[in-house]
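Report on the structure
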Amino acid sequence: DKNPHMIVPFQQSLKEIGIDHSTTISSWLDLPGHFENNSFDMLFNRGNTFIYAASGWNEMTMVNREETLALMKKTLQVYYDLLKPGGYLYIDKFRDSEIPDKKVVARLIVEKENKQEDLVFYVERKPEQNVRFAQMLFRDADGKERGLPNIAYDLSEDEMETLLKGAGFKVSRPTIRSERHFAVWLAQK
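Computed from a predicted model, the values in this text were never measured in an experiment. Within each chain, residue numbers correspond to sequence positions counted from 1 in written order. Only residues with pLDDT of 70 or above have their local features reported here, since the model is predicted, and side-chain atom pairs are shown and tallied only from 80 upward, although totals for entire chains, interfaces and linings are computed over all residues. Working from all heavy atoms in the structure, the side-chain values ignore hydrogens and water.

Okay, the layout of surface pockets next. Throughout, the protein atoms alone are placed on a 1 Å grid, and a set of points is a cavity if a 1.4 Å probe fits but cannot get out or a pocket if it is open with protein on both sides within 12 Å along at least five of seven lines; lining residues have an atom within 4 Å of a point. Grid points are joined across faces, edges and corners, and a volume is the space filled by probe spheres set on the points. In this structure, the largest pocket spans a volume of roughly 1,600 Å³. Lining of the largest pocket is provided by 45 residues; of these, Asp1, Lys2, Ser26, Trp28 and Thr49 occupy positions nearest its centre. Looking at the lining of the largest pocket, the elements that each hand over two or more residues are α1 (8-16), β1 (40-45), α2 (65-82), β2 (83-94) and β5 (131-139). With five residues, β1 is the largest single contributor of residues to the lining of the largest pocket. For the lining of the largest pocket, the class distribution of residues is 23 nonpolar, 17 polar and five charged. The space that makes up the second largest pocket amounts to roughly 240 Å³. Taken together, Phe94, Arg95, Ser97, Glu98, Ile99, Asp101, Lys103, Val105, Phe121, Val123, Arg180 and His181 form the lining of the second largest pocket. Runs of E in the DSSP output that reach at least two residues are strands. Runs of H or I that reach at least four are helices, and both are numbered from the N terminus. Nonpolar residues are Ala, Val, Leu, Ile, Met, Phe, Trp, Tyr, Cys and Pro. Charged residues are Asp, Glu, Lys and Arg, and all others, Gly as well, are polar.

As structure tokens, then:
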């Protein structure tokens with residue numbers, strides 16, 4: 001991740017289970033400055049993060065289809081180059097069949113402030129604008145919502161596959177029974 005605060009939970013989890021590790025703070029496109037080509041057996045790009053290759057994570061931004069696809073293509077080329085021959089990239093995104101939703105996913109009790117807030121997941125796709133808008137919101141007892149925006153190009157499953165193949169990957173679509181929300185690709189160099 002390029003944000004050191006975002007990896008703290010990951011680092012803590014590794015420490016708790018006793019895995020010796022090192023982390024590198026970097027954007028995807030800057031990874032070649034930290035690692036040589038043919039360095040990895042496997043890379044993971046998990047949790048629909050790839051759609052933010054052109055920005056939009058925790059920021060409101062304009063989405064330009066051509067610029068976004070170009071940055072996605074560059075990112076996949078970086079991944080391809082970093083993998084050893086025969087290495088794999090695991091990558092996913094929300095399914096094209098995703099529907100708009102806004103629901104409470106947790107209720108938080110803030111004891112110090114003696115208040116309750118709901119954690120709300122919100123997603124809306126606007127195909128006519130090539131946009132997917134999603135965020136986690138805090139909703140107070142009065143119904144007021146606050147949160148950071150996440151807006152990205154609404155990349156289709158066909159476009160993902162085309163980009164992967166364009167970067168040189170051999171592509172397969174494994175079926176993972178427990179994976180209900182994401183389309184998954186296992187791409188081999």
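Moving on to the sheet that holds β1. Sheets are built from strands paired through backbone hydrogen bonds, the pairs being either parallel or antiparallel. A pair of strands counts as paired when DSSP detects no fewer than two bridges linking them. Here four strands make up an open sheet; going across it, the order is β1-β2-β9-β8 and the pairing mixed. Because the sheet does not close on itself, it has two edges, and the strands there are β1 and β8 (170-172). The mean inter-strand angle of the sheet, taken between neighbouring strand axes irrespective of direction, is 20°. Sheet topology places β2 next to strand β9 (residues 182-188); seven bridges connect them, and they run antiparallel. Considered in β9, the bridge of Phe94 is made with Phe182. Contacts between residues were defined by any pair of non-hydrogen atoms, one from each residue, lying within 4.5 Å. Note on geometry: axes are lines fitted to C-alpha atoms, helical ones only across the stretch in contact, with angles between N-to-C directions running from 0 to 180 degrees. α2 contacts β1 and β2 of the sheet and is inclined by roughly 145° relative to β2.

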